[in-house]
Amino acid sequence: MNFQAFIFSERKSDKIKRHLLFWFCYWIYFTLLHAANSGGKPEIQYFRNIPFSTIEALCLLIPQVFLAYSMLGFVLPKFLLKNRYLLSFAWFLFFAIATTFLCYVMYVMIAPVLMQSLLPERFIVRNPRSIVQHFFVTVMVSGKGSLVATGAVCSIKLMKHWHLKEKRNLQLLKENAESQLKLLIAQVHPHFLFNTLNNIYSQTQTESSKGSKMIMQLSDLLRYILSEGNKTLVPLNKELQMLADYINLEKVRYGNKLDLHVSVPGNTGNLQITPLLLLPFIENCFKHGASKFLTHPWINLKIELKGTTVFMKLMNGKDTNLKEEPLKLGTGIENARKRLEFLYKDKHELRITDEPEVFVVNLKLELTERESEHETKSAKELMPAIDYA
């Protein structure tokens, strides 16, 4: 276990070890600091005072532990962290006074008895302090030593508190982003499915052969959504094949009325993309473009690759006879925009233009490559039906 893991561990055994280690180190520090006091003699015999100050520091450590844990276990969680500062100060004064009294008892009554019992004669100070000196040392220890120990303990506690709070906040942000992303993906699936099923229903009323073909293509789409839709990344060629199946489904609906031009790269290499990321843009062209264009609907899709960057330009015509409305993006487009912000922050450029006669989407997206090199079929081999002109 490294030092950071030891500091922030929540195991009871690690907590006990941390506290014992802290107070042992503080006892050593307080002993060495306290040995500089000569016990009333004019000369300072530092090293001769260390055995004497070791017992004295141990006795005075007990009141400091009392004040530190009173703040740590009572004042901090019940008042200070709840922003009840006046009560925090009042309770601190109460415990500080109690600590001063306890210091005096330990220093005047307990420490001399322990020294007489444990120390050899040569280490015992023969020039005892006066009552005034006892009182001064007591106030100094409780006012300075106890504050130092308590301040150190509370600082460590607050540091851990804010660190864990920040860690929890980051975890909540991550979980929130993941849940929103899953929600966005879930919203894409039923919307597309219901539209496609409506199209199939319309076709099967008159042309069963086309309906059967559409059902087969829809089956491939649903299989892709179920098997690949929840993955973080999928091969770009599979995503383009899925777009081809979707376009074929929609093309059957319009027949020869739709002027459709599609151009996709013939070789996608090992590039990967988030699944179902491009579908909402293409779906929007059919839903808000071709379906409302009564005379001569048209759609133009061009996807290019330059290194690991994919460029998509998507255009669809608009019926100028319809009353012009302000740009209002649908749920699919908004979902796609949010997913791009979640997953490709600073790695994409999206520009959407709504003109009187045309709706244009320009997307630039920086993709990643698979780590292992595998031969994959090109998009051109996988989607012969998409070479429309």
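This section reports on the structure supplied with the text. (Residues numbered from 1 in each chain as written. Predicted model: local features only at pLDDT ≥ 70, side-chain atom pairs only at ≥ 80, totals over all residues. Heavy atoms only, no water.)

1. With respect to the sheet that holds strand β8 (residues 368-369)
- Strand order in the open sheet formed by three strands is β1-β3-β8, with antiparallel pairing between adjacent strands. Two strands close off the open sheet at either side, each with one partner strand: β1 (234-235) and β8.
- Across two bridges, the pairing between strand β3 (residues 271-273) and β8 is antiparallel. When the sheet's bridge partners are listed, Leu 271 is paired in β8 with Glu 369. (Pairing = 2+ DSSP bridges. Helix = DSSP H or I, 4+ residues; strand = E, 2+ residues; numbered from the N terminus.)

2. Comments concerning the packing of aromatic side chains
- This model, assessed by the stated rule, comprises 15 aromatic pairs.
- Taking the centre distance of 6.1 Å and the plane angle of 80° together, the rings of Phe 74 and Phe 95 count as edge-to-face. Highlighted residues: Phe 74 in helix α3 (residues 46-78) and Phe 95 in helix α4 (residues 85-118), separated in sequence by 21 residues.
- With a centroid separation of 5.3 Å and 70° between ring planes, the pair formed by Phe 94 and Phe 95 is classed as edge-to-face.
- Phe 95 gets classed as buried once you look at its relative accessible area, which sits at 11%.
- An aromatic cluster is defined as three or more aromatic residues linked by ring pairs; in this entry it consists of Phe 66, Phe 74, Phe 79, Trp 91, Phe 94 and Phe 95.
- Across the ring face of Phe 311, the terminal group of Lys 306 is positioned such that the distance to the ring centre comes to 5.4 Å. (Phe/Tyr/Trp six-rings, centres within 6.5 Å; stacked < 30°, edge-to-face > 60°. Buried < 20%, exposed > 50% of the residue type's maximum accessible area, 1.4 Å probe, protein only. Lys NZ or Arg CZ within 6 Å of the ring centre and 35° of its normal.)

3. Section: the pairing of strand β4 (residues 298-306)
- With five bridges joining them, strand β2 (residues 259-263) and β4 adopt parallel strand pairing. Bridge pairing in β4 places Asp 259 opposite Trp 298.
- Looking at chain direction, β4 and strand β5 (residues 309-317) are connected through eight bridges and run antiparallel. Its bridge partner being in β5, Leu 301 is matched across the sheet by Leu 314.
- As consecutive antiparallel partners, β4 and β5 are separated by two residues, and within that stretch Gly 307 has a phi angle of approximately 70°, a positive value.

4. A few points about the side chain of Gln 64
- Residue placement: Gln 64 occurs in helix α3.
- A distance of 3.0 Å separates the side chain of Gln 64 from the side chain of Tyr 26, its partner in a polar contact.
- Within polar-contact distance, the side chain of Gln 64 engages the backbone oxygen of Leu 60 at 3.1 Å. (Polar contact = N/O pair within 3.5 Å; in protein donor to acceptor, adjacent residues only side chain to side chain.)

5. Here's the deal with the nonpolar core
- Membership of the largest hydrophobic core comes to 46 residues, with the highest contact counts inside it found for Ile 273 and Phe 281.
- Look past the residues within four positions of Ile 273 in its chain and what remains in contact with it is Thr 232, Leu 233, Val 234, Leu 236, Glu 239, Leu 278, Tyr 344, Leu 365 and Leu 367.
- Residues Tyr 26, Ala 57, Leu 61 and Val 153 belong to the second largest nonpolar core, which totals 17 residues. (Core = buried A, V, L, I, M, F, W, Y, C linked by side-chain atoms within 4.5 Å. Contact = heavy atoms within 4.5 Å.)

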